[in-house]
Amino acid sequence: MTTIPTIPAFPQLPEGIPPMPSIEGVAEKSSEVVGLISKGAEGAVRNVGHFGDGLKSSLEKELSPSDAQNIANDMAAVDRSAKEAFEQLQEEVRKISGNGESHTPPRTETTSNKPPAEVLRGEVVFSNGEWLADDINEQTKKWLNSHNYGEFAGEFTGEEKQKARDFGKGVYQNAEEKVKAGKHPVDENPLEALKKIETDGDDGESMRLLIRIAVRAGIKIATIIAQNIAKDKDVPKELRIAAGIFADSMGMVDQIVAGDEHTNLGQDISRYIKERNAAKLSEHGE
Amino acid sequence: MGDQKTTEEQLQDAYDKFLIKMLALKLEKLEIIRKYREKVDAAKLKVIDESLKGGYAK
């Protein structure tokens, strides 16, 4: 009998250490175990991400602005460690399940356009887009500030962060549905693309920026920018695929916000992403 | 050969280690909060102390 630990999507955490999910007494097949670990680990990282939020926000009111920034940075560093541990676990799980006798099914590089259902079930998908709600890096903030887009550079409020998480989740859900439907070209698996850009600093940053624009300037304008990125041959392939999925996902959300004050934002952001990519290519002598 | 762990046991071990790491990170967060709480409390105490001293000086 298989016992599947249930992890709430957004757990309400007490300010103690909540119990961690367990995989005791789980299935005989390692692919099932991998799926359970994937779910449990994802929930555990999310728990760490939210942990202490209440205490931190009540303390922040009493802190100096510089200390408020410092505590936010310190907490963010812990969150990053959790994500790194997550990646290490992912790697380890891949290694282990690749060596045993009952394994994770093969990955999606198949000859068919429609990946078998087992691929989705057994694949270690640790992220559900939570990383998309992370803060952007200093370089991007600097660029935004120097181009009069300072309003996008500041840290998210709690409400905005939740919105960003929801958007991120929507992007991953949409990608998963696309993969299940098998309607994407064989070499353009959107989940694979998202996973690749998760570990690429620059491309991941571009996606976080898109989410930020969706949260602060509205879905409509973020969708237009994403559509342009998806069509741009100068942009790395994974980012094009991910941007396409982003545009598609946002289109499904019923929210209309735009703003006349952001008429150049789309062009400017596309230019920034392209310029940064060109700089990266030239650094590598390509 | 008999001592070799099965794939499932190895996965369980890896997951256990990961969960312990997550617990350690939560404690790290609590420690960060404690550190700043202490700073805030120390500043408050200083204000109280100084105002008391000021009162006695009068």
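Parameters and conventions
Residues numbered from 1 in each chain as written. Chains lettered and ligands numbered in written order. Predicted model: local features only at pLDDT ≥ 70, side-chain atom pairs only at ≥ 80, totals over all residues. Helix = DSSP H or I, 4+ residues; strand = E, 2+ residues; numbered from the N terminus. Buried ≥ 20, exposed ≤ 12 C-beta atoms within 10 Å, placed from the backbone. Contact = placed C-beta atoms within 7 Å. Core = buried A, V, L, I, M, F, W, Y, C linked by C-beta atoms within 7 Å. Nonpolar A, V, L, I, M, F, W, Y, C, P; charged D, E, K, R; others polar. pLDDT = per-residue confidence, 0-100. Axes fitted to C-alpha atoms, helices over the stretch in contact; angles between N-to-C directions. Parallel < 35°, antiparallel > 145°, perpendicular 65-115°, else oblique. Expected span 1.5 Å × (residues − 1). Left-handed = near helix turned anticlockwise from the far one by under 90°.

(A) Region of interest: the overall build of chain B. Scanning chain B from terminus to terminus reveals one helix and zero strands. Buried positions account for 24% of the 58 residues belonging to chain B.

(B) Geometry of the overall build of chain A. Counting its regular elements, chain A contains 12 helices and zero strands. Secondary structure of chain A in N-to-C order comes out as α-α-α-α-α-α-α-α-α-α-α-α. The buried share among the 286 residues of chain A stands at 40%. In chain A, once contacts between residues fewer than 6 apart in sequence are set aside, the share between residues at least 24 apart is 72%.

(C) Highlighting the nonpolar core. Core analysis: the biggest nonpolar cluster contains 43 residues, and A:Leu210, A:Ile211, A:Ile213, A:Ala214, A:Ala222, A:Ala242 and A:Phe246 have the highest contact counts within it. Listed by contribution, the elements that provide at least two residues to this core are helix H7 (158-181), helix H8 (190-198), helix H9 (201-216), helix H10 (219-231), helix H11 (237-252) and helix H12 (265-283) of chain A. Residue contributions to this core peak at eight residues, all from H11(A). Counting residues in each nonpolar core, the second largest holds 28 residues, with A:Ile71, A:Leu89, A:Val93 and B:Ile33 among its members.

(D) Summary view of the interface of chain A and chain B. In this complex, chain A contributes 34 residues to the contact, which on the side of chain B involves 24 residues. Those elements giving two or more residues to the side of chain A that touches chain B turn out to be helix H1 (30-50), helix H2 (53-60) and helix H3 (65-99) of chain A. Element by element, the count of residues in the side of chain A that touches chain B is highest for H3(A), at 13 residues. Of the residues assigned to the side of chain A that touches chain B, the class counts are 21 nonpolar, seven polar and six charged.

(E) Structural detail: the confidence of the model for chain A. All names here are of chain A. Within chain A, residue pLDDT values average 71, and 71% of them lie at 70 or more. Taken element by element, the predicted model of chain A shows its lowest mean pLDDT in helix H4 (residues 117-122) (36) and its highest in H3 (89). In the model, residues 1-28 has pLDDT below 50 throughout and makes 44 contacts with residues more than four positions away in sequence or in other chains. Low pLDDT, under 50, characterises residues 100-126; the stretch is placed with 52 contacts to residues that sit more than four places away or in other chains.

(F) The arrangement of the packing of H7(A) against H8(A) in detail. Residues and elements named next belong to chain A. Contact geometry of H7 with H8 gives a least axis separation of 8 Å together with a crossing angle of 140 degrees. Classified by the interaxial angle, the pair formed by H7 and H8 is oblique. Contacts between H7 and H8 pair Tyr172, Ala175, Glu176, Lys178 and Val179 from the former with Pro190, Leu191 and Leu194 from the latter.

(G) Focus on H7(A). Residue and element names in this part refer to chain A. In this model, H7 (24 residues) spans 35 Å end to end at C-alpha, consistent with the 34 Å of a helix rising 1.5 Å per residue. Taken as a whole, H7 has its buried residues at Ala164, Arg165, Phe167, Gly168, Gly170, Val171, Tyr172, Ala175, Lys178 and Val179. Two residues or fewer after H7 comes glycine 182, characterised by a positive phi angle close to 65 degrees.

(H) Focus on the environment of A:Glu151. Residues and elements named next belong to chain A. Among the secondary structure elements, glutamate 151 is positioned in helix H6 (residues 150-153). By the C-beta count within 10 Å, which is 12 here, glutamate 151 ends up exposed. For glutamate 151 and lysine 141, which are 10 residues apart along the polypeptide, the C-alpha to C-alpha distance reads 9.8 Å.

(I) Focus on the environment of A:Lys220. Within the fold, A:Lys220 resides in helix H10. Taking C-alpha positions, A:Lys220 is 9.1 Å from A:Ala247, a pair spaced 27 residues apart along the chain.

(J) Structural context of H9(A). All names here are of chain A. Here H9 spans 22 Å end to end across 16 residues, near enough to the 22 Å set by a 1.5 Å rise per residue. By the criterion of burial, H9 is predominantly enclosed, with 13 of the 16 residues buried. Among the residues trailing H9, glycine 218 stands out with phi positive, at a value near 115 degrees.

(K) Focus on the packing of H7(A) against H9(A). All names here are of chain A. Remark: H7 packs on H9, axes separated minimally by 10 Å, with the N-to-C direction vectors making an angle of 120 degrees. The orientation of H7 relative to H9 falls into the category oblique. You can see that H7 and H9 cross each other, and the crossing is right-handed. Contacts between H7 and H9 pair Glu160, Lys163, Ala164, Phe167 and Gly168 from the former with Ile211, Ala214 and Val215 from the latter. Partitioned by chemical class, the residues of the contact of H7 with H9 number five nonpolar, one polar and two charged.

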